[in-house]
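# Coordinate inspection notes
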Amino acid sequence: MASNMDREMILADFQACTGIENIDEAITLLEQNNWDLVAAINGVIPQENGILQSDFGGETMPGPPFDPASHPAPAPTPSSSAFRPVMPSRQIVERQPRMLDFRVEYRDRNVDVVLEDSCTVGEIKQILENELQIPVPKMLLKGWKTGDVEDSTVLKSLHLPKNNSLYVLTPDLPPPSSSTHAGALQESLNQNFMLIITHREVQREYNLNFSGSSTIQEVKRNVYDLTSIPVRHQLWEGWPASATDDSMCLAESGLSYPCHRLTVGRRTSPVQTREQSEEQSTDVHMVSDSDGDDFEDASEFGVDDGEVFGMASSALRKSPMMPENAENEGDALLQFTAEFSSRYGDCHPVFFIGSLEAAFQEAFYVKARDRKLLAIYLHHDESVLTNVFCSQMLCAESIVSYLSQNFITWAWDLTKDANRARFLTMCNRHFGSVIAQTIRTQKTDQFPLFLIIMGKRSSNEVLNVIQGNTTVDELMMRLMAAMEIFSAQQQEDIKDEMKLYLNLSFKDEREARENVKREQDEAYRLSLEADRAKREAHEREMAEQFRLEQIRKEQEEEREAIRLSLEQALPPEPKEENAEPVSKLRIRTPSGEFLERRFLASSKLQIVFDFVASKGFPWDEFKLLSTFPRRDVTQLDPNKSLLEVKLFPQETLFLEAKE
């Protein structure tokens, strides 16, 4: 049973949903449905999708549907309009059959079934028998909200939503032999496959790492970034015969683990592709027909497919990695980090936000034990290796973790000529002309670059320049090799710092001790003054509190004395049966309590004021009000009788504090 507060909320929600403004009508409808909000709304507004769904939890609220035939509408009252069970804008002459969607899961299969709500559960099982080849007696259909149901149960009686999920159990049938295969497949999904891909036209080999959960389509897209061969023009050799769909993941495609060799070339025409597949029947040639169908007719308009895919690829880059001619390096690095995250995800190295000099300060110009290596990532959007290097190498969890622990990572984008010239100027200033010339002579396809910098006493040394055509393992090995060199240098720097500290002269040590002593004496003196000031302030505060407390006690004693004197001066309360007329007053206090007393009708109004004051409500702080009509009784002549001010034979008054 809903509480009063819950009923008020249900009533407000019901009026908001149905538009019924008359409270009596709304309460009547809710009482007919035992205060079930959803059942009452379904009785007033026919739902197009069955039982009304709760906005608060996503589940169907319990309660039988409201039947207007069994619950007649209440008669209209003079103060309300007649109740209409169906809103004018939602009137339905004839109920249309309601369709229900079921997704039934059985082991590794999903079957979609669409039926009218007038069908039975048995009809669903008959459809599943044809789809799954499972006899109906061997089939247990589970997942109903109301528990197990009979085959003869009509779907309409279950009050189901439009979309439903069920599953089939077959305890009497032996499990399929593929259970061990499913376990092996799950293990393969967590493994990494090394694909050795040979570009036939240029005779170049790429070593790419992919997880088992990656799809064949993702491999082809990465190869497009490397070879500039659009996906629909790629002609493959070496895929297993089971790899028939680009949406298939590598773990279930039948690839050799841990390495598998593939060959890719450009498909020039359908005729040539057909001839090549006839000549080499032993190999499976996979030509992707997905992700390129949208551009199938591009050649009819005089547009080359490569140009179309180039535009599609560049469209994915909503903005450059770094603004050109940025005045502030920190702002440029902020945009670089945001754009890098939008392209390659949030799992990437933490790029230092600030100038290159600030990165030097953070990495090198601290205590020896706190120093780190500086890694400079040089990005180039026009390089074919950039996307693969960023997604496969730079965003690998092992690389991200190792860089965050041991390196300060700073980045710069060399795509724009102005940014490239600016970095070369910085490079020439900090690392010398040799390193600047090395970066200047790098070709576009050799980017991105990864520079490993170690700070020394008087200069900065470039330990390694890593190009983009590398693997995760090779990148990790080169980072670890640089870390070994740095660790040896760091140990020497720590020893030098200790020697410098121990070789301080006696004079410096004595001055240091004297400075420490002076600072301690000054701190002690300030501490004493602060304690004395705090103590004096506390004493003043306690004295003020004591004075205020005394004043408060005196005021309370004075008020209590006045109250007692008024209480003693009150005439005795007359009995109900009295020869003289008696007025019975009921006075409501601000706290909700009631004061009741009888007075002679001939008594003066002042006696009522004295009675109220004797209860702790003096007339100079509170006013006495009547309800009908509303008036301030304290403004009346206190010498008039209760009969004269119309407080007879009984009246309810209430106290209200004056402003």
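Details of the structure are given in the entry above.
The following paragraphs examine the structure supplied in this document. For every chain, the first residue of the written sequence is number 1, and numbering continues from 1 onward in sequence order. Local features in this predicted model are restricted to residues whose pLDDT is 70 or higher, and side-chain atom pairs enter the listing and the counts only when it is 80 or higher, whereas totals over whole chains, interfaces and linings include all residues. With hydrogens and water excluded, all non-hydrogen atoms of the structure serve as input to the side-chain values.

Moving on, we get to the pattern of salt bridges. The salt bridge criterion pairs a side-chain nitrogen of Lys or Arg with a carboxyl oxygen of Asp or Glu, the two atoms within 4 Å. Enumeration over the complete set of coordinates arrives at 25 salt bridges. Glu 237 serves as the salt-bridge partner of Arg 200, at 3.3 Å between the closest nitrogen and oxygen. In this pair, Arg 200 is assigned in the loop between β5 (192-199) and β6 (204-211) and Glu 237 in strand β7 (residues 234-237), connecting sequence segments 37 residues apart. For the salt bridge of Arg 552 with Glu 549, the shortest nitrogen-to-oxygen distance reads 2.2 Å. Put simply, DSSP marks the helices as runs of H or I at least four residues long and the strands as runs of E at least two long, and each gets a number from the N terminus on.

Our next topic: the sheet that holds strand β15 (residues 622-626). When DSSP locates at least two bridges between a pair of strands, those strands are taken to pair. With mixed pairing, 5 strands are arranged side by side in an open sheet as β14-β13-β17-β15-β16. Among the strands making up the open sheet, the edge pair consists of β14 (594-600) and β16 (631-632). Sheet analysis places β15 next to strand β17 (residues 650-657), joined by 5 bridges and oriented antiparallel. Directly across from Ser 626, in β17, lies its bridge partner Leu 653.

Before going further, it helps to spend a moment on the nonpolar core. Definition of nonpolar core: a set of buried residues of the types Ala, Val, Leu, Ile, Met, Phe, Trp, Tyr and Cys, connected through side-chain atoms within 4.5 Å. For every residue, the accessible area (1.4 Å probe, protein chains only) is compared with the maximum for its type, and the residue is labelled buried under 20%, exposed over 50%, or partly exposed between those bounds. One finds Leu 374 and Trp 410 to be the most contacted residues of the largest nonpolar core, which totals 81 residues. Sequence-distant contacts of Leu 374, defined by excluding residues within four places in its chain, comprise Leu 356, Ala 359, Phe 360, Ala 363, Phe 364, Phe 407, Ile 408, Trp 410, Leu 451, Ile 452 and Ile 453. Of all hydrophobic cores here, the second largest spans 21 residues; its members include Val 104, Tyr 106, Leu 115 and Ile 134. Contact between two residues is taken to exist if any of their heavy atoms lie within 4.5 Å; hydrogens are not considered.

Our focus in this paragraph is the side chain of Asp 36. Locating Asp 36 in the fold gives a position in the loop between α2 (23-32) and α3 (37-44). Despite its burial, Asp 36 remains without a salt bridge, the nearest opposite charge being carried by Arg 7 at 12 Å. Each polar contact in these results corresponds to two N or O atoms within 3.5 Å; when the atoms are within protein, one needs to be able to donate a hydrogen and the other to accept it, and residues that are neighboring in sequence are counted only if both atoms are side-chain atoms. A distance of 3.4 Å separates a polar atom in the side chain of Asp 36 from the backbone nitrogen of Ala 39. A residue counts as positive if it is Lys or Arg and as negative if it is Asp or Glu; His and the chain ends are not included.

That is the geometry; function is a separate question.
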